[in-house]
Amino acid sequence: MASLEPRAELDPRYSSEGATAPSWSETAAMLSEAELFWISTVRPDGRPHVTPLPAVWADGALHFCTGPEERKARNLERNPNVVLTTGTNTWNKGYDLVVEGEALRVGDDGRLRELADAWERKYGSFWHFEVRNGRFHHGPGDAFVFSVAPRVVFGFGKGEPFSQTRWRFE
């Protein structure tokens, strides 16, 4: 049986001598702990749309929510390919991650309750969601929830040693 963990591929062209790639478990922990992500979607006319949002790493995928009328939700109706990034805005320290995948809508209320609990554990009671009819409900609005299982993840270590790592998922 093949391992479920992807193999890290350190790119020597963009990595300092002696750099090492983090294990996938270390990388998954960084995704789990990150508070803010930037999501990139594609508008119907082909222009990019980028916006920040919170996300939860659970069961091998990133999960985010958005109102049905928001630009990103409308973009995903036409093109489910997304990029989610997280890291720091410094060039000489920290670690940045880029997750590429397809955003699939989560509509099962049982699964959504699990994810609502995960949101509240991670972000606190401000992010308390009720679940009804395949959506999160919060205050006066509701939100679709999407899951993004990585197709590929890139990691960028900043500061000595600099590194660039790729994990591919089959």
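Heads up: the structure comes first, above all this text.
In this report, we go over the structure that sits alongside the text. (Residues numbered from 1 in each chain as written. Predicted model: local features only at pLDDT ≥ 70, side-chain atom pairs only at ≥ 80, totals over all residues. Heavy atoms only, no water.)

### A few points about the overall build of the protein chain
Point 1. Helix and strand counts for the protein chain come out as three helices and eleven strands.
Point 2. What you see in the protein chain, going N to C, is helices and strands ordered as β-α-β-β-β-β-α-β-β-α-β-β-β-β.
Point 3. Here the C-alpha coordinates of the protein chain stretch approximately 55 × 35 × 35 Å along the principal axes.
Point 4. Sorting the 170 residues of the protein chain into buried and exposed places 44% on the buried side. (Helix = DSSP H or I, 4+ residues; strand = E, 2+ residues; numbered from the N terminus. Buried < 20%, exposed > 50% of the residue type's maximum accessible area, 1.4 Å probe, protein only.)

### Here we look at the nonpolar core
Point 1. Membership of the largest hydrophobic core comes to 23 residues, with the highest contact counts inside it found for L31, F37, L62, F64 and L84.
Point 2. Mapped by element, the contributors of at least two residues to this core are α1 (24-33), β2 (37-42), β5 (61-66), β6 (81-86), β7 (95-106) and β10 (141-157).
Point 3. Setting aside chain neighbours within four positions, we find F64 in contact with I39, L53, P54, A55, L76, A103, W119, F144, V145, F146 and V148. (Core = buried A, V, L, I, M, F, W, Y, C linked by side-chain atoms within 4.5 Å. Contact = heavy atoms within 4.5 Å.)

### Notes on the packing of aromatic side chains
To describe a pair of aromatic rings, you give the distance between the ring centres and the angle between the ring planes.
Point 1. Counted by the stated rule, this structure contains 13 aromatic pairs.
Point 2. On the basis of an interplanar angle of 20 degrees and a centroid distance of 4.3 Å, the ring pair of F129 and F136 is categorised as stacked. There is no split in this pair, since F129 and F136 are both buried.
Point 3. Note on F144 and F146: the rings are 6.4 Å apart at their centroids and 80 degrees apart in plane angle, and the pair reads as edge-to-face. Accessibility assignment for this pair places F144 and F146 in one class, buried. (Phe/Tyr/Trp six-rings, centres within 6.5 Å; stacked < 30°, edge-to-face > 60°.)

### Some remarks on the environment of V152
Point 1. As for its placement among the helices and strands, V152 is situated in strand β10.
Point 2. Owing to a relative accessible area of 12%, V152 belongs among the buried residues under this scheme.
Point 3. Taking the C-alpha atoms as reference points, V152 and Y14, 138 residues apart in sequence, are found 18 Å from one another.
Point 4. Apart from residues no more than four positions distant in its own chain, V152 is found in contact with V98, V99, E100, R166, W167, R168 and F169.

### Details of the environment of A19
Point 1. As for its position among the elements, A19 is in the loop between β1 (8-10) and α1.
Point 2. The exposure class of A19 is buried, given its relative accessible area of 11%.
Point 3. C-alpha separation for the pair A19 and T165, spaced 146 residues apart in sequence, amounts to 10 Å.
Point 4. Among residues more than four places away in sequence, those in contact with A19 are L10, P161, F162 and S163.

### Notes on helix α2 (residues 71-78)
Point 1. The set of residues buried in α2 consists of K72, A73, N75 and L76. One side of α2 holds all its buried residues, which, seen down the axis, span an arc of 160 degrees. Turned more than 90 degrees away from the buried face of α2 sit E77 and R78, all of them exposed.
Point 2. Where the residues of α2 are buried, they touch β2, β3 (48-53), β5, β6, β7 and β10. (Arc of directions from axis to C-beta.)

Don't take any of this as a statement about function, it's just geometry.
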